[in-house]
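This is what each chain is made of:
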Amino acid sequence: MNIVNRVLVVGAGFSGAVIARELADYGFSVHVIDKREHIGGNAWDFVDEFGFRIHKYGPHLFHTSNRAVVEWLSQFTEWTPYRHRVKAMLPDGRLVTLPVNKQTCEIVGRENILDVFYRPYTRKMWGVELDKLDPSILSRVPVRDDMNEDYFPDDSFQAMPSEGFNTLFARILDHELITVQLNTPFQRSMEPAYTHVLNSMPIDEYFEFCLGELPYRSVRFATFRLPVPKLFPTATVNFTHDGPFTRVTEWKNIAPHIGHPNFTTITVEEPCDYKDNNLERYYPVKDVFGSNRKTHQRYMKMVPSHVTFVGRCGLYAYLDMHQAVSSALSVARSFLSSLRSWP
């Protein structure tokens, strides 16, 4: 069956790119737009003047146990094995392992774990006290009773795209039926020209905030190039102090290793409200009472039949990269399976 229809995909990140490719492979003419000047969404990367691959929007580490996602992405990239490890810097400068393992417990004291690692981080990252946050967020980094040092110990596949995320996205979108238009914000007036719109923009913005704004946390990044061979033993070091910064990433520690042997590039992160960072929305806020989720559900009931919302901002949900790919594949295949009901 070779049905050719025009479809608009809003957003060239993982959700938009995967959906665009699936629909194009099926025979749809797909127009992808993105308000940014690049493809790849928050996973976009580039190589700096010292040869280090930098992730502009913070470190993106690919990890999953979903073989279907790995197989799909492997059509467009080779992989370099990489197991992410994280240290936390205590106020006296000592480095301990995160997620908290047996050794970290012995150094810090199990009774102090919340106060040392979670309360300061929650206050900085989410702008609220620990008891105001949905407990499921903290469950992503559990305390362990072994000597594990991997940040994602349970995921069977951990690797980085050998030529970077930018190349991965370029290959996904390299299809004769896909056109990409950057620096192009979505407008409702675009919709009549397309059979369907798959939209990853913030759903509250689409509806002009008629039910209220959905809150997001954002991050400001500061990058420094230093004339030293290496600073840290791991790619990421979290801070436990009460200062504004949550963590630092040393890019040369992320495989595949490239760059100048006598220099290093680091990026420090400062969380903030998205309104204080050019409306860059990174993390939906899961409040303990679920009021934000209820607002999102009310918006979803307003979505017209020719529009499908996808991605982190469309679904108002935190999605790791493999989850975004899996969700996008499901949306694309559900959309294609619905064709039989079309008139």
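Further up the page is the structure itself.
My aim in this report is to walk through the structure given alongside it, one point at a time. Computed from a predicted structure; not experimentally measured. (Residues numbered from 1 in each chain as written. Predicted model: local features only at pLDDT ≥ 70, side-chain atom pairs only at ≥ 80, totals over all residues. Heavy atoms only, no water.)

### Things to note about the overall build of the chain
Looking only at helices and strands, the chain has 10 helices and 17 strands in total. The C-alpha atoms of the chain give a radius of gyration of 21 Å, which matches the 20 Å a tight globule of 343 residues would have. Once the C-alpha set of the chain is aligned to its principal axes, its extents read approximately 65 × 45 × 35 Å. Per-residue burial for the chain yields a buried fraction of 52% across its 343 residues. Long-range contacts, defined as pairs at least 24 residues apart, comprise 73% of the intrachain contacts of the chain with a sequence gap of at least 6. By element, 51% of the accessible surface of the chain is carried by carbon and sulfur atoms, the whole surface being about 16,000 Å². Positive and negative side-chain charges in the chain, numbering 37 and 39 respectively, have mean positions lying 2 Å apart. (Helix = DSSP H or I, 4+ residues; strand = E, 2+ residues; numbered from the N terminus. Rg over C-alpha atoms; globule rule 2.2 N^0.38 Å. Buried < 20%, exposed > 50% of the residue type's maximum accessible area, 1.4 Å probe, protein only. Contact = heavy atoms within 4.5 Å. Areas by Shrake-Rupley, 256 points an atom, 1.4 Å probe, with all protein chains shown as cover. Lys, Arg positive; Asp, Glu negative; His and termini not counted. Charge placed at Lys NZ, Arg CZ, Asp CG, Glu CD.)

### Brief notes about the sheet that holds strand β12 (residues 216–226)
Strand order in the open sheet made by the seven strands is β8-β7-β13-β14-β15-β12-β16, with mixed pairing throughout. The open sheet has two free edges, formed respectively by β8 (95–98) and β16 (283–284), since each of these has just one partner strand. Pairing geometry for strand β7 (residues 86–89) and β8, over four bridges, is antiparallel. Residue pairing for β8: lysine 87 is matched across the bridge by threonine 97. Contacts between helix α4 (residues 113–126) and the sheet are confined to β7, β8, β12, β13 (236–239), β15 (264–273) and β16, with β12 contributing the most and set at about 100° to the helix. (Pairing = 2+ DSSP bridges. Axes fitted to C-alpha atoms, helices over the stretch in contact; angles between N-to-C directions.)

### Here we look at the packing of aromatic side chains
Counting across every chain of the model gives 22 aromatic pairs. Judged by centre distance (4.4 Å) and plane angle (20°), the rings of phenylalanine 50 and phenylalanine 263 are stacked. Taken as a pair, phenylalanine 50 in the loop between β3 (45–47) and β4 (53–55) and phenylalanine 263 in the loop between β14 (247–250) and β15 lie far apart in primary sequence, 213 residues in all. Assessed through its relative accessible area of 24%, phenylalanine 263 is described here as partly exposed. Centroid distance tyrosine 206 to phenylalanine 207: 4.8 Å. Interplanar angle 85°. Geometry classified as edge-to-face. (Phe/Tyr/Trp six-rings, centres within 6.5 Å; stacked < 30°, edge-to-face > 60°.)

### Considerations on the pattern of salt bridges
Going through the model one piece at a time under the given rule, you end up with 20 salt bridges. Residues aspartate 45 and arginine 53 are paired through a salt bridge, measuring 3.4 Å at the closest nitrogen-oxygen approach. We classify aspartate 45 as buried; its relative accessible area is 2%. The salt bridge partner of arginine 83 is aspartate 150, with a shortest N-O separation of 2.8 Å. Taken together, the residues arginine 83 in the loop between β6 (79–81) and β7 and aspartate 150 in the loop between α5 (135–138) and β9 (157–161) connect sequence positions 67 residues apart. Among the charged side chains, a network of salt bridges with common partners joins Arg83, Arg85, Glu149 and Asp150. (Salt bridge = Lys/Arg side-chain N within 4 Å of Asp/Glu carboxyl O.)

### Focus: the packing of helix α1 (residues 14–26) against helix α6 (residues 164–172)
The N-to-C vectors of α1 and α6 enclose an angle of 30°; their axes lie 9 Å apart at closest approach. Considered as vectors, α1 and α6 are oriented roughly parallel to each other. Residues Phe14, Ala17, Val18 and Arg21 of α1 touch α6, and the partners they reach there are Phe165, Leu168, Phe169, Arg171 and Ile172. For the contact of α1 with α6, a count of residues per class yields seven nonpolar, no polar and two charged. (Parallel < 35°, antiparallel > 145°, perpendicular 65-115°, else oblique. Nonpolar A, V, L, I, M, F, W, Y, C, P; charged D, E, K, R; others polar.)

### With respect to the pairing of β15
In terms of burial, β15 is largely enclosed, as eight of its 10 residues are buried. Pairing geometry for β12 and β15, over 10 bridges, is antiparallel. Bridged to phenylalanine 221 within β15 is glutamate 269. By the bridge criterion, four bridges tie β14 to β15 in an arrangement that is antiparallel. Bridge assignment links valine 248 to a residue of β15, and that residue is valine 268.

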